[in-house]
Amino acid sequence: MSEVESKKSFIVSQLRQLCAHCQNNPAMPHRCAVKELALRVQAIRGVPLIVNDEFRGVLNLQYH
C-alpha cells in the first residue's frame, strides 16, 4: 500500500469513529454525513508531493 493510500485509510478509519450511529449500530439506516466525507477522502486521486522525505499532500492533475 502506498503512503497516500495508507494515510487515506487512516483518515477514513478516524472519520468513521465520529458517528455514534455507525459505532453503535452500523446496520441501522441513517443519513451519515461522516460517511459522505469518508467517500470523498477515498476518492482523492493524484500524485503525492514529497519534500525532504515528508509527505506534503497530493497534486491533483487534470487534463482537458
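Here the structure is shown first, and the text comes after it.
Being a predicted model, the structure only gives us computed values, none of them experimental.

What counts and what doesn't
Residues numbered from 1 in each chain as written. Predicted model: local features only at pLDDT ≥ 70, side-chain atom pairs only at ≥ 80, totals over all residues. Heavy atoms only, no water. Axes fitted to C-alpha atoms, helices over the stretch in contact; angles between N-to-C directions. Helix = DSSP H or I, 4+ residues; strand = E, 2+ residues; numbered from the N terminus. Parallel < 35°, antiparallel > 145°, perpendicular 65-115°, else oblique. Contact = heavy atoms within 4.5 Å. Expected span 1.5 Å × (residues − 1). Buried < 20%, exposed > 50% of the residue type's maximum accessible area, 1.4 Å probe, protein only. Arc of directions from axis to C-beta. Salt bridge = Lys/Arg side-chain N within 4 Å of Asp/Glu carboxyl O.

Angle between the axes and distance between the axes: these two values describe a pair of packed helices. It is at 9 Å that the axes of helix H1 (residues 3-16) and helix H3 (residues 33-42) come closest, and there the two elements cross at 180 degrees. Taken together, the axes of H1 and H3 are roughly antiparallel relative to one another. For the pair formed by H1 and H3, the contact residues are Lys8, Ile11, Val12, Leu15 and Arg16 on the first element and Val34, Leu37, Ala38, Val41 and Gln42 on the second.

Taking 1.5 Å per residue as the helical rise, H1 with its 14 residues ought to reach 20 Å, and the 20 Å between its terminal C-alpha atoms agrees with that figure. Where H1 is concerned, the buried positions are Val4, Lys8, Val12 and Leu15. The arc that holds the buried residues of H1, viewed along the axis, is 70 degrees, so those residues lie on one side.

In this section: the pattern of salt bridges. Inspection of every chain in the model, using the stated rule, returns 3 salt bridges. With its nearest N and O atoms 3.2 Å apart, the salt bridge here joins lysine 8 to glutamate 5. On the criterion of helical spacing, the pair formed by lysine 8 and glutamate 5 is a turn pair, its members being 3 residues apart in helix H1. Exposure remark for lysine 8: the relative accessible area of 7% places this residue in the buried category. The class for glutamate 5 is partly exposed, based on a relative accessible area of 35%. A salt bridge links arginine 31 to glutamate 36; its shortest N-O distance comes to 3.7 Å. Overall, arginine 31 belongs to the exposed group, its relative accessible area being 71%. Of the residues examined, glutamate 36 reaches a relative accessible area of 40% and is grouped as partly exposed.

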